[in-house]
Amino acid sequence: PADERDAGNHTLLTEFVLSGLSSRPELRHLLFFTICLVYSMTLLGNLLICMVTVHPTLHTPMYFFLRVLSFLDISTASVVVPKMLVNLLSEDSSISYVGCVTQLYCVVFLAATEWYLLAAMAYDRYVAVCSPLRYAAVMNTRVCLSLLLLSCCSGNVVSVVQTAWVFTLSFCGPRRINYFFCDIPPLITLSCADTSLYEKQIISATVLVIITPFCLILLSYACIISSILKISSAESRHKTFSTCSSHLTVVTLYCASGTLIYLQPKSSNSQDTKKILALIYTTVIPTLNPLIYSLRNKEVKVVLIRVM
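If you look the protein up in an unreviewed UniProt entry, it shows as Olfactory receptor from Falcunculus frontatus. UniProt, in its Subcellular location (unreviewed entry) section for the protein, records the words "Cell membrane". The UniProt entry for the protein carries the following comment under Sequence similarities (unreviewed entry): "Belongs to the G-protein coupled receptor 1 family."

Here it is in structure tokens:
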């Protein structure tokens, strides 16, 4: 098509075409049913957490943050997966220009907000373990709401800036995005302009949004583990270590997949590898969070059984 070869401004574009997860047609149905199953598990697990954590016995800061985390996971998966499933069964895999802008904004906003929320949750656990007598005073309702509002506002600022910068680029190459949703790295590769400045600011944003909260989470858990070592009961130590290791495993997986994608936005690395990494943080992690953070918790299990 002529509009794919024209060296024109990005405003001439009315739509993009998403290439999807795989270029092999014989894998489409297998991918559809697999991703559909994972998405269903994401919705079911996170909706259960949202329902269970409103129970009067679970009105604590930890469960408040878990409820918000589940809502963010549902939203992240729902922004990406339904369109991906439709494209797997349809010959038309186009997405409108406005739809692409909206999807990019939502993905970045939800991901950034979740990272800041995870840092807030780590701080909550730090106060609960290291200063249990002051926990109720430190983590009161006002502080929890302030941390949530700060996370959302920070995520919104990051998303607005990133989305605005990406879509001020001139897209004069092919309109086909070699990805399964609108994201920063594949969009940058479509630009014919010099993107070195954009790549530098993406690296800065990655450090601000992913690596900084991750370091704060590690610091919080280091203090928690230090306090755990002082516990005399071997059984209590083992239980707390198990919980901490589960949380850190998921956070590390989330951090690794995000940084590998965004630290080299226009690298020559395999695009298929980036697709797998993106699938992990948009689809797999939202499925794991309810299992790791909530459904292994004894209090949540008790309330879940009562509700069911």
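Past the structure itself, the notes keep going.
**Student:** What should I look at first to understand the overall build of the protein in this one?
**Tutor:** Looking only at helices and strands, one finds eleven helices and three strands in the protein. What you see in the protein, going N to C, is helices and strands ordered as α-β-α-α-β-α-α-α-β-α-α-α-α-α. On the principal axes, the C-alpha backbone points of the protein span a range of 70 × 40 × 30 Å. Looking at the protein as a whole, 47% of its 308 residues are labelled buried. Looking at the protein as shown, the accessible area adds up to about 15,000 Å², and 67% of this sits on carbon and sulfur atoms. Considering the protein, the positive charge centre built from 21 side chains and the negative charge centre built from 16 side chains are found 13 Å apart.

**Student:** Please clarify how helix H8 (residues 196–228) should be interpreted in this entry.
**Tutor:** Taking 1.5 Å per residue as the helical rise, H8 with its 33 residues ought to reach 48 Å, and the 46 Å between its terminal C-alpha atoms agrees with that figure. The sharpest bend along H8 comes to roughly 35°, located at valine 207.

**Student:** Just checking my understanding: could you explain the confidence of the model for the protein for this structure?
**Tutor:** Caution is warranted with low-pLDDT regions, since their predicted coordinates should not be read in detail. Chain-level pLDDT for the protein is 84 on average; 90% of the residues reach the 70-or-more range. When mean pLDDT is taken per element in the protein, helix H6 (residues 141–166) scores highest with 94 and helix H1 (residues 2–5) scores lowest with 42. Overall, residues 1–11 carries pLDDT values under 50, and its contacts beyond four positions in sequence, including any with other chains, amount to 18 contacts.

**Student:** Please clarify how the sheet that holds strand S1 (residues 15–18) should be interpreted in this entry.
**Tutor:** In a beta sheet, neighbouring strands are held together by backbone hydrogen bonds and run either parallel or antiparallel to one another. Pairing in this open sheet of three strands is mixed, and the strands run S2-S1-S3 from one edge to the other. Strands at the two margins of the open sheet, each flanked by one partner only, are strand S2 (94–96) and strand S3 (176–177). In this structure, S1 lies alongside S2, joined through three bridges in antiparallel fashion. If you follow phenylalanine 16 over to S2, its bridge partner there is isoleucine 95. Helix H4 (residues 97–130) rests against S1, S2 and S3 of the sheet, and its axis sits at about 85° to S2.

Analysis parameters
Residues numbered from 1 in each chain as written. Predicted model: local features only at pLDDT ≥ 70, side-chain atom pairs only at ≥ 80, totals over all residues. Heavy atoms only, no water. UniProt positions renumbered as here; feature names shortened; annotations may be inferred. Helix = DSSP H or I, 4+ residues; strand = E, 2+ residues; numbered from the N terminus. Buried < 20%, exposed > 50% of the residue type's maximum accessible area, 1.4 Å probe, protein only. Areas by Shrake-Rupley, 256 points an atom, 1.4 Å probe, with all protein chains shown as cover. Lys, Arg positive; Asp, Glu negative; His and termini not counted. Charge placed at Lys NZ, Arg CZ, Asp CG, Glu CD. Expected span 1.5 Å × (residues − 1). Bend = angle between axes of the 7 residues up to and from the residue. pLDDT = per-residue confidence, 0-100. Contact = heavy atoms within 4.5 Å. Pairing = 2+ DSSP bridges. Axes fitted to C-alpha atoms, helices over the stretch in contact; angles between N-to-C directions.

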